[in-house]
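Structural characterization, general
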Amino acid sequence: TGTSTTPVAEPIVTPKEQWTWVGFDDAFCANGSTTGIGANLTDKSSKVVIYMMGGGACWNELTCYALGTAANIESGYDQGQFDKDSPSLNGSLFDRNDPKNPLKDASYFFVPYCTGDVHAGANPDAVYGGKPTKHVGFTTMQAYLARIVATFPGAERVVLSGSSAG
């Protein structure tokens, strides 16, 4: 019998019921910078909500750089951007105080958008107008999911949600 060389993903640990940025060394934006996810974990249930940020798509110099049809392609997405966005993550789907919210007792993950490929690309070597553009949404999502699964291996329900490109 052989042994597996696949590394075991580490669970995500954050303070409970507050939005926290979790940086990933193996998740990247189109500009090559590392990125991460927002997490708002709770012990109230084993339900999980993964919300994928929208932001359009791009596939050439015109769409990525001239028209800017995809969010965060040049800037990337880091803790500073998350800190600006996270106050808007306390209502609706993420409202723990709404008794009518069926997901108020779930743990939440916010997946930022910065790859221009609707979270599904696998072209790390694209170059548009001389600018390297890493469409790596697929491998970035794999990195996120490995850690989310390690955090909630027995999740009773997982809801995948999002807007636009998400």
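My aim in this report is to walk through the structure given alongside it, one point at a time. Everything quoted here is computed from the prediction, not taken from an experiment.

Attention shifts here to the pattern of salt bridges. Within this structure, the stated rule accounts for 4 salt bridges. With a shortest N-O distance of 3.5 Å, glutamate 17 and lysine 44 are connected by a salt bridge. Pair noted here: glutamate 17 is in the segment before β1 (20–28) and lysine 44 is in the loop between β2 (34–40) and β3 (47–52), with a separation of 27 residues, a long-range link. With a closest N to O distance of 3.4 Å, lysine 104 and aspartate 105 form a salt bridge. The class of lysine 104 is partly exposed, set by a relative accessible area of 23%.

Attention now goes to the nonpolar core. Among the nonpolar cores identified, the biggest contains 17 residues, and Ile12, Phe24, Ile37 and Phe109 are the most heavily contacted of them. Mapped onto this core, the elements with two or more residues apiece are β1, β2, β3, β4 (107–111) and α3 (137–151). Among the elements that take part in this core, α3 stands out by supplying 4 residues, more than any other. Sequence-distant contacts of isoleucine 37, defined by excluding residues within four places in its chain, comprise Ile12, Thr20, Trp21, Val22, Phe24, Phe109, Phe110, Val111, Pro112, Tyr144 and Ile148.

Let us look at the state of the cysteines. Using the criterion set out here, one finds 2 disulfides in the structure. Disulfide partner of cysteine 29: cysteine 114, at an S-S distance of 2.1 Å. Every disulfide takes its handedness from the sign of the S-S torsion; for cysteine 29 and cysteine 114 that torsion is -80°, giving left-handed. Pair noted here: cysteine 29 is in the loop between β1 and β2 and cysteine 114 is in the loop between β4 and β5 (123–128), with a separation of 85 residues, a long-range link. For cysteine 58, the disulfide goes to cysteine 64, at an S-S distance of 2.0 Å.

Once that is clear, we can look at the side chain of threonine 42. In this fold, threonine 42 is placed in the loop between β2 and β3. A distance of 3.2 Å separates a polar atom in the side chain of threonine 42 from the backbone nitrogen of lysine 44. When neighbours within four sequence positions are excluded, threonine 42 is seen to be in contact with Lys16, Glu17, Arg96, Asp105, Ala106 and Ser107.

This next bit is on the side chain of threonine 63. Checked against the element boundaries, threonine 63 lands in helix α1 (residues 61–66). Exposure remark for threonine 63: the relative accessible area of 6% places this residue in the buried category.

The 5 strands lie next to each other as β1-β2-β4-β3-β7, forming an open sheet whose pairing is mixed. The strands lining the two open edges of the sheet, one partner per strand, are β1 and β7 (157–162). Averaged over neighbouring strand pairs, the angle between their axes works out to 25° when direction is ignored. Alignment of β3 against β4, held across 5 bridges, turns out to be parallel. Following the sheet pairing, methionine 52 is matched in β4 by valine 111. Its contacts with the sheet place α3 against β1, β2, β3 and β4, and it is angled at close to 130° to β1.

Rules and cut-offs
Residues numbered from 1 in each chain as written. Predicted model: local features only at pLDDT ≥ 70, side-chain atom pairs only at ≥ 80, totals over all residues. Heavy atoms only, no water. Salt bridge = Lys/Arg side-chain N within 4 Å of Asp/Glu carboxyl O. Helix = DSSP H or I, 4+ residues; strand = E, 2+ residues; numbered from the N terminus. Buried < 20%, exposed > 50% of the residue type's maximum accessible area, 1.4 Å probe, protein only. Core = buried A, V, L, I, M, F, W, Y, C linked by side-chain atoms within 4.5 Å. Contact = heavy atoms within 4.5 Å. Disulfide = S-S within 2.5 Å. Polar contact = N/O pair within 3.5 Å; in protein donor to acceptor, adjacent residues only side chain to side chain. Pairing = 2+ DSSP bridges. Axes fitted to C-alpha atoms, helices over the stretch in contact; angles between N-to-C directions.

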